[in-house]
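Spelled out, the chains give:
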Amino acid sequence: MKKERQANLELLRIIAMLMVVMMHLANHGNLIGFAKPGSASYYVAWTLFGVSFPAITVYLLISSYFLIDAKFSVWKVAKMGGQVFFYAAGITALFWIFGDVEHTLKDMVFSLLPISSDFYWFISMYVGMYLLAPVMNRLIRALTKRQLQCAMALSFVLVSVWPNIIYFSSALNTAGGVSISWFLTVYLFGAYLKLYYRPDGHFGKKLLYACLALLLIPASRFAIEGLLKTPLGKISILDDLMWGYSVFYSYSSILVSAAAILLFIAFLNLEIRPGRTARIVNRIAGAAFGVYLIHDHLYLRETLWERINTVALLDKWYLLPACLALVTAVYAVCTMIELLRAGLFAPLDNSRRLRGFFREIDDKLGRLWRGGA
């Protein structure tokens, strides 16, 4: 019997993917690049960009929360790989046939090998995390609660706190969270919350804390900009605070991590009772992964934001509602496409013969893992 999804976390999954689309609108849509410093549009654009940064960590927390109790499945990897290949190769083929793009061997190879080629960086890292999940689970369950807390603290200090405090050094080279080290660090937090956290139902209060933490992210950039305009700005080492988008605008930064964890905890305390609403949420959330694969394809990404021309919204009073509407529209269209794809491939996904084949592989891997013949 298929296990029912938790609608509260599936709703958070939808929100996290909306945040991803918002990040891409602000970045790939050039809002943050063309917004005039000091203008209202500048603060709106960087705020939208900043509060969306925790999306990746939120998504990882949701995954690790369930993976700690899940059994490794080659079928899940194969199913994910097929979905990624469908969009990577399929969208590339459409652009090669009907679009005006350069046909290069590199793009063809990357599209045919999307996971190993880092075509979608998140997918490559996520698959690595999933493959290591059995090892992580064995390690985590072998630790006492206090030992797990220590492991979490040490990992967080090394991968998040150190790069933020010693921001002028790249000694650990954690790539701002675009690394397996960050994915595995978040895995510890997600697993810990599943094993030891018990919700108290105070959703509103915890959501307020999460929203305040989200606003600290853009506030940090504005504060750094203000600092650099003072006489202290002449200290050369302070210039590195604005490296990239700024020191706290990274997936693994202290502020982003805190906001993601608080947001996740808030939704753990949200109750959505089984029923029609829960079914709708679960249905839409099931297509969230496809939303990412579609809208962030290299070719479609360039075409999408160029056609939408978000830069034209700058200095308009309706910038904020327009951005929210555009993100919702992109999400909705991609969701419909993914639901259509899922419907077309449903017979293959539900094939007993295919599932049985992968079940045999799982059994053999299980025996190998346990040291059996």
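Here, every reference points to the structure presented above.
This structure is a prediction, so every number in the text was calculated from the model and none was measured.

> Where do I start with a nonpolar patch on the surface in this structure?
A grouping of L154, L158, W162, I165, I166, F168, L172, L232, I235 and I237 is seen on the molecular surface, where their side chains present a nonpolar patch of about 850 Å² in accessible area. Residue placement: L232 occurs in the loop between α10 (203-228) and α11 (254-268).

> Just to check I follow, could you spell out the packing of aromatic side chains for this structure?
Here the distance between the centres and the angle between the planes together describe a pair of aromatic rings. Applying the stated rule across the entire model yields 35 aromatic pairs. Arranged with centres 4.8 Å apart and planes meeting at 75°, the rings of Y43 and F222 form a pair that is edge-to-face. In this pair, Y43 is assigned in helix α3 (residues 40-52) and F222 in helix α10, connecting sequence segments 179 residues apart. Y43 sits in the partly exposed class, given a relative accessible area of 36%. Among the residues examined, F222 registers a relative accessible area of 21% and is labelled partly exposed. Ring geometry for W121 and F183: centres 6.2 Å apart, planes at 75°, overall edge-to-face. In this pair, W121 is assigned in helix α7 (residues 121-142) and F183 in helix α9 (residues 180-196), connecting sequence segments 62 residues apart. For W121, a relative accessible area of 21% gives the class partly exposed. Look at F183 and you get buried, because its relative accessible area is 0%. A cation sits over an aromatic face here: R13 above Y59, 5.5 Å from the ring centre.

> Would you explain the packing of helix α1 (residues 7-27) against helix α15 (residues 319-349) in this entry?
Two quantities define a packed helix pair, namely the angle between the helix axes and the distance between the axes. For the pair α1 and α15, interaxial distance at closest approach is 9 Å and the crossing angle is 115°. α1 and α15 meet at a crossing whose hand is right-handed. Residue-level inspection shows I14, M17, L18, V21, M22 and L25 of α1 in contact with α15, the latter providing C323, L324, L326, V327, T328, V330 and Y331. Taken together, the residues of the contact of α1 with α15 sort by class into twelve nonpolar, one polar and no charged.

So, how was this worked out
- Residues numbered from 1 in each chain as written.
- Predicted model: local features only at pLDDT ≥ 70, side-chain atom pairs only at ≥ 80, totals over all residues.
- Heavy atoms only, no water.
- Patch = residues over 30% accessible without salt bridge, like charges linked within 9 Å, V, L, I, M, F, W, Y side chains within 5 Å.
- Areas by Shrake-Rupley, 256 points an atom, 1.4 Å probe, with all protein chains shown as cover.
- Salt bridge = Lys/Arg side-chain N within 4 Å of Asp/Glu carboxyl O.
- Helix = DSSP H or I, 4+ residues; strand = E, 2+ residues; numbered from the N terminus.
- Phe/Tyr/Trp six-rings, centres within 6.5 Å; stacked < 30°, edge-to-face > 60°.
- Buried < 20%, exposed > 50% of the residue type's maximum accessible area, 1.4 Å probe, protein only.
- Lys NZ or Arg CZ within 6 Å of the ring centre and 35° of its normal.
- Axes fitted to C-alpha atoms, helices over the stretch in contact; angles between N-to-C directions.
- Left-handed = near helix turned anticlockwise from the far one by under 90°.
- Contact = heavy atoms within 4.5 Å.
- Nonpolar A, V, L, I, M, F, W, Y, C, P; charged D, E, K, R; others polar.

These results come straight from atomic positions and should not be treated as a statement about function.
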